[in-house]
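Summary of structural features
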Amino acid sequence: MSYQIRTFGDPVLKSAATPVDDIDAKVVRLVDDMFETLYSLGNGIALAAPQIGVRKQIFVWDLGEQPLVVLNPEIVESSGEWLYDEGCLSIPGLYVEMLRPKEVLMRGVGLDGETIEIEADELEARLFQHEIDHLDGVLMFDRMTPDQRKAALAEFRSISEAPDAPVPERRRLRLR
Ligand code: NI
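One structure accompanies this document, and this report is about it. (Residues numbered from 1 in each chain as written. Predicted model: local features only at pLDDT ≥ 70, side-chain atom pairs only at ≥ 80, totals over all residues. Heavy atoms only, no water.)

**Observations regarding the pairing of strand S3 (residues 68-79)**
The criterion, for reference: Here a strand pair is declared whenever DSSP counts at least two bridges between the two strands. In DSSP terms, a helix is any run of H or I states spanning at least four residues, a strand is any run of E spanning at least two, and both are numbered starting from the N terminus.
Here four bridges tie strand S2 (residues 58-61) to S3, and the two strands are oriented antiparallel to one another. Residue pairing in the sheet places Ile 58 in a bridge with Leu 71 of S3. From the end of S2 to the start of S3, which pair antiparallel, there are six residues, and Gly 64 there has a positive phi angle of about 100°. Relative to strand S6 (residues 103-109), S3 runs antiparallel, the two being bridged by six bridges. Counted as the bridge partner of Glu 74 is Arg 107 from S6.

**Some words on unusual backbone geometry**
One non-glycine residue, Asn 72, adopts positive backbone phi at about 50°. Structurally, Asn 72 can be placed in strand S3. Positioned with a positive phi, Glu 122 is a non-glycine residue whose angle comes to about 45°. Here Glu 122 lies in helix H2 (residues 122-135).

**Describing the coordination of the nickel ion**
Just so we agree on the cut-off: Coordination partners: N, O, S within 2.8 Å of the metal, 3.2 Å for Na, K and Ca; water not considered, so apparent gaps in a site are possible.
Summarising the metal site, the nickel ion is bound by the protein donors Cys 88 (SG), His 130 (NE2) and His 134 (NE2), whose distances to it range over 2.0 to 2.2 Å. Mapping the donors of the nickel ion onto the primary sequence gives the spacing C-x41-H-x3-H. Here Cys 88, found in the loop between strand S4 (82-87) and strand S5 (95-100), pairs with His 130, found in helix H2; they are 42 residues apart in sequence, far enough to count as distant.

**Things to note about empty space enclosed by the protein**
Where we set the bar: Only protein atoms enter the 1 Å grid used here. Points where a 1.4 Å probe fits but cannot escape make up a cavity, open sets with protein on both sides within 12 Å along at least five of seven lines make up a pocket, and a residue lines them when an atom lies within 4 Å of a point. Grid points are joined across faces, edges and corners, and a volume is the space filled by probe spheres set on the points. Side-chain classes are defined by residue name, with Ala, Val, Leu, Ile, Met, Phe, Trp, Tyr, Cys and Pro counting as nonpolar, Asp, Glu, Lys and Arg as charged, and the others, Gly among them, as polar.
Scanning the model with the defined rule gives one cavity of 30 Å³ or more in all. Of the volumes computed, that of the largest cavity is approximately 30 Å³. If you trace the largest cavity, you find it lined by Cys 88, Ile 91, Arg 100, His 130, Asp 133, His 134, Val 138, Leu 139 and Met 140. With three residues, the top contributor of residues to the lining of the largest cavity is H2. Its residues placed into classes, the lining of the largest cavity shows five nonpolar, two polar and two charged.

**A few points about helix H3 (residues 146-161)**
As a reminder, the rule being used: Residue count minus one, scaled by 1.5 Å, sets the expected span of a helix. Relative accessibility decides the category of a residue: with a 1.4 Å probe and only protein chains considered, values under 20% of the type maximum give buried, values over 50% give exposed, and everything between is partly exposed. What the arc describes is the spread of directions from the helix axis to the C-beta atoms.
Helix length check: H3, at 16 residues, gives a terminal C-alpha distance of 22 Å against a target of 22 Å (1.5 Å per residue), a fit within 8%. Taken as a whole, H3 has its buried residues at Gln 148, Ala 152, Glu 155, Phe 156 and Ile 159. Considered in projection along H3, the buried side chains sweep an arc of 100° and stay on one side of the axis. Residues of H3 that are exposed and point more than 90 degrees away from the buried face comprise Pro 146, Asp 147, Lys 150 and Glu 161.

**Focus on the pattern of salt bridges**
Let me state the cut-off plainly: By convention in these notes, a salt bridge is any Lys or Arg side-chain nitrogen within 4 Å of a carboxyl oxygen on Asp or Glu.
All told, the structure shown has nine salt bridges when counted by the stated rule. One salt bridge connects Arg 6 with Asp 10, and the closest N-O pair in it is separated by 3.0 Å. Residue classification places Arg 6 among the partly exposed positions, given a relative accessible area of 30%. Across the pair Arg 100 and Asp 133 runs a salt bridge, and its minimum N-O distance is 2.9 Å. With a gap of 33 residues between them, Arg 100 in strand S5 and Asp 133 in helix H2 connect regions that are remote in the sequence. Considered together, Arg 100 and Asp 133 belong to a single accessibility category, that of buried residues.

Shown next, in the form of structure tokens:
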């Protein structure tokens with residue numbers, strides 16, 4: 001089953017998700033539904049459970065190689081810095097250039113209950129950080145200074161008010 005994506009303003013996106021203690025059939029079904037939802041959108045690479053209204057520490061991703069899932073993830077090491085135009089399915093249309101660590105080590109649990117550790121850099125490292133933020137109830141706006149947030153919210157408002165207006169080559173906001 002494909003879910004509706006919750007968007008900015010929905011309180012579920014501001015609340016912290018709870019760890020998954022028991023990997024039962026419901027969790028497996030939920031993960032299937034998360035992939036179905038992600039693929040139905042066509043423009044996303046990752047999706048966290050709160051984005052479909054479920055407060056559980058789960059996210060799925062697919063960078064074109066294979067569908068992957070992690071439960072109860074955390075970043076245990078990070079290093080370097082990388083600038084990237086970050087976007088979010090829950091803040092449709094807005095891309096903001098954000099600085100975050102370039103390499104991370106993520107630890108979590110797979111659907112089989114085994115601990116997994118994944119070292120990632122650049123885009124994959126960025127999506128890990130972004131999705132774990134979702135599990136903490138943190139959105140891109142929360143990572144900005146007050147001035148940056150004001151500019152980003154204004155930009156998002158203009159996108160939301162005229163979603164069909166011709167878009168410049170690619171909307172992006174530089175907020176370094
Ligand atoms: Ni997002």
